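One letter stands for each residue in the lines below.
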Amino acid sequence: MSDEVLELDIKVDKRTLNRFLLRNNFLRLGGAIGLFISAAAIVLLIALWSSLSDPQRVILFFLALMFTVIQPLSLLMKGWNQLKSGTFREPFHYEFSAAGMRVENMAGSVDVKWPDIRKAVVTKDAIYLYMNALSAFILPRAACKENYAKLAEMIGEYRK
């Protein structure tokens, strides 16, 4: 597989970006803590309803919604705007080889060596190649078509 070059043209769709954003948010420590705070606010709101003043109820209700509704919706809306106006409007062209990957889009191109990829996550729906803790190249299974398994194998082999 060392001489093989796998080329893919990938356009990230709304559904795939939504999954990435929510997954990336809720699997991080901050996202888990936010969910805990919202859950605790719901429990307190229910358990102490009769002994709470109206302002206390409003605060707990807001905290209950903050990390379960408001923050995720805000995150998704930012992603949707990025899909409409950013570099996501056009497909990304990827070339994967033993040396790494080359990514080209309307903003330019970048060569990434395998050791420079911080983390690779392969799920049933997509492959996420993290360059840092917050951003990743998103490779949806549907866009990779029959090359998804081959790509996952290449990433596993070259990122050792």
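Okay, so let's go over this structure. Counting starts from 1 at the beginning of each chain's written sequence and moves along it residue by residue. Given that the model is predicted, a residue must reach a pLDDT of at least 70 before its local features are reported, and side-chain atom pairs must reach 80 or more before they are shown or counted; all residues, however, enter totals for whole chains, interfaces and linings. Hydrogens are left out, water is left out, and the side-chain values use all remaining heavy atoms of the structure.

**Focus on the sheet that holds strand β5 (residues 119–122)**
By this definition, two strands are paired if DSSP reports at least two bridges between them. Here a strand is any run of E in DSSP of at least two residues, a helix any run of H or I of at least four, and the numbering for each starts at the N terminus. Strand order in this open sheet of 3 strands is β5-β6-β7, and the pairing throughout is antiparallel. This sheet does not close on itself; its edge strands, each paired only once, are β5 and β7 (136–140). Each adjacent strand pair in this sheet contributes to an overall mean axis angle of 10°, direction not counted. As paired elements, strand β6 (residues 126–130) and β7 share 5 bridges and run antiparallel to each other. Bridge pairing links A126 to P140 in β7. To get an axis, fit a line to the C-alpha atoms, keeping to the stretch in contact for a helix; angles then go from 0 to 180 degrees between the N-to-C directions.

**A word on the packing of helix α2 (residues 29–47) against helix α3 (residues 54–85)**
Packing of α2 against α3 leaves a shortest axis separation of 8 Å and a crossing angle of 145°. Handedness of the crossing formed by α2 with α3: left-handed. Here G34, L35, I37, S38, A41, I42, L44 and L45 of α2 come into contact with α3, specifically with R57, L60, F61, L63, A64, M66, F67 and T68. By the convention adopted, Pro, Cys, Tyr, Trp, Phe, Met, Ile, Leu, Val and Ala count as nonpolar, Lys, Arg, Asp and Glu as charged, and the other residues, Gly among them, as polar. The residue inventory of the contact of α2 with α3, partitioned by class, reads 12 nonpolar, 3 polar and 1 charged. By definition, any crossing whose near helix is turned counterclockwise from its far helix by less than a right angle is left-handed, and any crossing with a clockwise turn is right-handed. Residue contacts follow a heavy-atom distance rule, with two residues in contact if any of their heavy atoms lie within 4.5 Å.

**Points about the environment of V5**
Topologically, V5 is positioned in the segment before β1 (6–10). Buried, partly exposed and exposed residues are distinguished by accessible area as a fraction of the type maximum, computed with a 1.4 Å probe on protein chains only: under 20%, between the cut-offs, and over 50%, respectively. Note on V5: relative accessible area 46%, which makes it partly exposed. Sequence-wise, V5 and A99 are 94 residues apart; in three dimensions their C-alpha atoms are separated by 9.7 Å.

**Re helix α1 (residues 14–26)**
Taking 1.5 Å of rise per residue, 13 residues should cover 18 Å, and α1 covers 18 Å from first to last C-alpha, within 8% of that figure. Regarding α1, the residues found buried are T16, L17, N18, F20, L21, N24 and N25. One less than the residue count of a helix, multiplied by 1.5 Å, gives the span that helix is expected to have.

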